[in-house]
Amino acid sequence: MRVLRGRAETREGDGEVTAAMLSETAETGEPAVRVWTPHRQVAFGRRDARAEDFEVAKSVARACGFEPVERSVGGRAVAYTGTTVAFARTTPLEDMRTGMEERYAEVTEAVQRAFWRLGVPAQRGEPPRSFCPGNYSLQWKGKLAGVAQRVRTGAALVSGVIVVDDHGEIAGVLDPIYAALDVPFDPDSVGSIAKVGGDADPGLVVETVEELLVGDADPAVERVEANARDERAEPNARAEHVGDRDT
């Protein structure tokens, strides 16, 4: 299994790395895992981009110091502050019509076990009016994580986001954005590992989630870029939420 570590220099580069993971798994049949801390941004889903006041929502993001980007997977807008952890696992497919629920369950359970190791008894589900609502969310006194899936010929990508810290800042930027998009949202629904007293070191979160997503596979570690930051090497560094289904 390929294990990609680090962050690309740009937001666009980060997206290209994950897209290349999916393509390479489809071509070679080798699964891959990537866990990292994305650049500061608000990532909008395709449904957001169709909203009447989408440009207003993007302007709000910029005014709050978040670069707006559009992603090809997932549901509604998600904010990344720098402590937020993203994860992605690609799996080869013989038949893209089968196995979706099993892949969701496997990845969600791995992330849940990571929360437990970090001292957070996360459970399936989410509070009402959460950001980027979906069926494969994890919560504990607020929404902590969500999972999405993209399927193409030859491979599937299961990916998601974990709120490690900065729940107040995330709620503060998403509240006016969701209002502009005319999507129900409760700022108090945003949770984080720090909020509930878990181990909120982004580097440790990256390491723990990676370990559980890799499981018993033999990892072949690659750097994202020669000068990309390795979260394991900078455990105290301040660091795509995605909806639950995208095929």
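Check the entry above for the structure.
Criteria and thresholds
Residues numbered from 1 in each chain as written. Predicted model: local features only at pLDDT ≥ 70, side-chain atom pairs only at ≥ 80, totals over all residues. Heavy atoms only, no water. Helix = DSSP H or I, 4+ residues; strand = E, 2+ residues; numbered from the N terminus. Rg over C-alpha atoms; globule rule 2.2 N^0.38 Å. Buried < 20%, exposed > 50% of the residue type's maximum accessible area, 1.4 Å probe, protein only. Areas by Shrake-Rupley, 256 points an atom, 1.4 Å probe, with all protein chains shown as cover. Lys, Arg positive; Asp, Glu negative; His and termini not counted. Charge placed at Lys NZ, Arg CZ, Asp CG, Glu CD. Pairing = 2+ DSSP bridges. Axes fitted to C-alpha atoms, helices over the stretch in contact; angles between N-to-C directions. Salt bridge = Lys/Arg side-chain N within 4 Å of Asp/Glu carboxyl O. Core = buried A, V, L, I, M, F, W, Y, C linked by side-chain atoms within 4.5 Å. Expected span 1.5 Å × (residues − 1). Contact = heavy atoms within 4.5 Å. Parallel < 35°, antiparallel > 145°, perpendicular 65-115°, else oblique. Left-handed = near helix turned anticlockwise from the far one by under 90°. Nonpolar A, V, L, I, M, F, W, Y, C, P; charged D, E, K, R; others polar. Polar contact = N/O pair within 3.5 Å; in protein donor to acceptor, adjacent residues only side chain to side chain.

1. Considerations on the overall build of the protein
So, point 1. A tally of regular secondary structure across the protein gives six helices and eleven strands.
So, point 2. For 247 residues, the compact-globule estimate of 2.2 N^0.38 gives 18 Å, and the C-alpha radius of gyration of the protein, at 16 Å, lies within 12% of that figure.
So, point 3. For the protein, the C-alpha atoms occupy an extent of roughly 45 × 35 × 35 Å along the three principal directions.
So, point 4. Here the protein holds 247 residues, and 57% of them are scored as buried.
So, point 5. For the protein, the accessible area works out to roughly 10,300 Å², and carbon and sulfur atoms hold 45% of it.
So, point 6. The average position of the 30 basic charges and that of the 42 acidic charges among the side chains of the protein differ by 2 Å.

2. Comments concerning the sheet that holds strand β4 (residues 67–70)
So, point 1. A sheet is described by the order of its strands in space; here three strands give the open sequence β4-β3-β5, paired in mixed fashion. At either end of the open sheet lies a strand with only one pairing partner, and these are β4 and β5 (78–80). Taking each pair of neighbouring strands and ignoring which way they run, the sheet shows an average axis angle of 25 degrees.

3. Quick notes on the pattern of salt bridges
So, point 1. Counting across every chain of the model gives eleven salt bridges.
So, point 2. Residue D48 pairs with R76 through a salt bridge whose shortest N-O separation is 3.0 Å. With D48 in helix α2 (residues 46–49) and R76 in the loop between β4 and β5, the pair connects residues that are 28 residues apart, well separated along the chain. With respect to burial, D48 and R76 carry one shared label: buried.

4. With respect to the nonpolar core
So, point 1. Among the nonpolar cores identified, the biggest contains 34 residues, and F87, F115 and I162 are the most heavily contacted of them.
So, point 2. Those elements that place two or more of their residues in this core are β2 (32–36), β6 (85–92), α4 (100–117), β9 (143–152), β10 (155–162) and α6 (202–214).
So, point 3. Among the elements that make up this core, the one with the highest residue count is α4 (seven residues).
So, point 4. In this structure, F44, A61, V163 and I170 belong to the second largest nonpolar core, which totals 29 residues.

5. Description of α4
So, point 1. With 18 residues, α4 ought to run about 26 Å at 1.5 Å a step, and its terminal C-alpha atoms sit 26 Å apart, in line with that.
So, point 2. Restricting attention to buried positions, one finds in α4 the residues M100, R103, Y104, V107, T108, A110, V111, Q112, A114 and F115.
So, point 3. Where α4 is buried, its residues meet β6, β7 (123–124), β8 (137–139), β9, β10 and α6.
So, point 4. One or two residues past the end of α4 sits G119, with phi positive at roughly 90 degrees.

6. Topic: the packing of α4 against α6
So, point 1. α6 packs onto α4 with a crossing angle of 140 degrees between their chain directions and a minimal axis gap of 9 Å. By the criterion of interaxial angle, the relationship of α4 to α6 is oblique. Here α4 runs over α6; the crossing is right-handed. Facing V107, A110, R113, A114 and R117 of α4, the residues of α6 in contact are T208, V209, E211, L212 and L213.
So, point 2. For the contact of α4 with α6, the per-class residue count stands at six nonpolar, one polar and three charged.

7. Some points on the sheet that holds β9
So, point 1. If you walk across this open sheet you meet the eight strands as β7-β8-β9-β10-β6-β2-β1-β11, and the pairing is mixed. Two strands in the sheet have a free side with no partner beyond their single neighbour: β7 and β11 (220–223).
So, point 2. By the bridge criterion, five bridges tie β2 to β6 in an arrangement that is antiparallel. Across the sheet, the residue bridging to V33 is R89, located in β6.
So, point 3. Sitting on the sheet, α4 is in contact with β6, β7, β8, β9 and β10, with an inclination near 150 degrees to β9.
So, point 4. With respect to the sheet, α6 is in contact with β1 (2–5), β2, β6 and β10, its orientation differing from that of β2 by roughly 165 degrees.

8. Here's the deal with α6
So, point 1. In this model α6 runs 18 Å from its N-terminal to its C-terminal C-alpha over 13 residues, within 8% of the 18 Å that 1.5 Å per residue would give.
So, point 2. Counting buried positions along α6 yields ten of 13 residues, so the element is predominantly enclosed.
So, point 3. Those residues of α6 that are buried lie in contact with β1, β2, β6, α4 and β10.
So, point 4. Its side-chain oxygen at 2.8 Å from the backbone nitrogen of G203, D201 defines the N-terminal cap of α6.
So, point 5. Of the residues one or two after α6, G215 is the one with positive phi, at around 65 degrees.

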